[in-house]
Amino acid sequence: MSHATPQTGPLRHFLQFRDLTTDEINYIFARAKLIKDKFKRYEKHHTLHDRNLAMVFEKASTRTRVSFEAGMYQLGGSVIHLTTGDSQLGRSEPIEDTARVISRMVDLVMIRTFEQTRLERFAAHSRVPVINGLTNEFHPCQILADIFTFIEHLGPIQDKTVAWIGDANNMSYTWLQAAEMLGFQLHVSAPKGYELDSQRIDNPPASVLKQFPDPLEACRGAHLVTTDVWTSMGYETENDQRRRAFADWCVDGEMMAVADPSAIFMHCLPAHRGEEVTGEVIDGPQSVVWDEAENRLHVQKALMEFLLLGQIEG
Ligand code: CP
Ligand code: NVA
């Protein structure tokens, strides 16, 4: 058995959060817990023995690379790491041709790239499941890890409140899909000009999304306060202008103080202390950012298993 192992069911991709059903997401959380517990006990878990993952990075990464690479080896498989610069993608080979070729040789592909449409074009020409490792529009693996972390610390997320402070970027749109599917409320506060694009969000009810001009008000009563860099990868030319626009969107002790007394803080990382979050908050007692980063490993192992094997036991 190797990379040529046929799929047991229809081809599944994870290009955005809602590509999974709510039941499947809950299965992945349960499975991630089992996988994490075994990992902590140093027990072997080789459900993807002999399978091969190709990772394609068109943007930089630390966590995504290490978590997918370590995760696949821990599942008994192996990994090929490609970047734009060291592959023919950097010399304009079409993404469709790249997908056709890579997916004849491996069992699974993870891509980090720019436009979601580029990821979709890859997936449309792939014979094997494709995972979104971050695009300009979404970061679904990160939100799987974040919600898994929330559940570990505070229990079920249903009916809870998540406050998103800062840029309405790939993370925030993915949080919104998760809120719709898992039944929690998302508060979003972004500076003028950087808010959620109404054309992309299809008018969600207030039970799902509330937007606040004042970040302090968005944090009031929240169970999770979370933020991200002011300038996402690919937008670096806007850096100076964003620094000025986001100056009041720094998560600080005052914001954490108006959140629920049990509130936790998350950041997908990398973080810039003194910009989107103070050192006091990210390094303080309410911060769970290191658990959040570690959980990328466990949820993605569960995700890779699910995409290749479906729902399994043991
Ligand atoms: N959070 C996250 O995706 O980190 P990397 O950019 O380091 O992969
Ligand atoms: N929003 C950030 C997340 C980095 C992990 C970016 O896209 O650069």
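For the structure itself, look to the data block above.
All of these numbers come straight from a predicted model, not from anything done at the bench. (Residues numbered from 1 in each chain as written. Chains lettered and ligands numbered in written order. Predicted model: local features only at pLDDT ≥ 70, side-chain atom pairs only at ≥ 80, totals over all residues. Heavy atoms only, no water.)

**Digging into the sheet that holds strand E5 (residues 161–165)**
Line of reasoning, step 1. Read across the open sheet, the five strands follow the order E7-E6-E5-E8-E9; overall the sheet is parallel. Edge positions in the sheet fall to strand E7 (209–211) and strand E9 (264–267), since each has one partner strand and no second. Taking each pair of neighbouring strands and ignoring which way they run, the sheet shows an average axis angle of 20 degrees.
Line of reasoning, step 2. Relative to E7, strand E6 (residues 185–189) runs parallel, the two sharing three bridges. The residue bridging Leu 186 from the neighbouring strand is Leu 209, located in E7. (Pairing = 2+ DSSP bridges. Helix = DSSP H or I, 4+ residues; strand = E, 2+ residues; numbered from the N terminus. Axes fitted to C-alpha atoms, helices over the stretch in contact; angles between N-to-C directions.)

**Digging into the site of ligand 1**
Line of reasoning, step 1. If you check the shell around ligand 1, you find Ser 61, Thr 62, Arg 63, Thr 64, Arg 112, His 139, Gln 142, Cys 268, Leu 269 and Arg 296 and nothing else.
Line of reasoning, step 2. In this structure, Cys 268 approaches ligand 1 through a main-chain N or O atom, which is 2.9 Å from a nitrogen atom.
Line of reasoning, step 3. Arg 296 is positioned such that a nitrogen or oxygen atom in its side chain is 3.0 Å from an oxygen atom of ligand 1.
Line of reasoning, step 4. Placement of ligand 1 is best described as lying within the largest pocket. (Near = heavy atom within 4 Å. Polar contact = N/O pair within 3.5 Å; in protein donor to acceptor, adjacent residues only side chain to side chain. 1 Å grid on protein atoms, 1.4 Å probe; cavity = no way out; pocket = protein on both sides within 12 Å on 5 of 7 lines; lining within 4 Å. Sits in = over half its atoms within 2 Å of the grid points.)

**Some details on the site of ligand 2**
Line of reasoning, step 1. Neighbouring residues of ligand 2: Leu 134, Asn 169, Asn 170, Asp 228, Val 229, Ser 232, Met 233, Cys 268 and Leu 269.
Line of reasoning, step 2. Here a nitrogen atom of ligand 2 and a side-chain polar atom of Asp 228 are 2.6 Å apart.
Line of reasoning, step 3. Met 233 is positioned with one of its backbone polar atoms (N or O) 2.8 Å from an oxygen atom of ligand 2.
Line of reasoning, step 4. Most atoms of ligand 2, that is more than half of them, are within 2 Å of grid points of the largest pocket.
Line of reasoning, step 5. A per-class count over the shell around ligand 2 returns five nonpolar, three polar and one charged. (Nonpolar A, V, L, I, M, F, W, Y, C, P; charged D, E, K, R; others polar.)

Read these as geometric descriptors, not functional statements.
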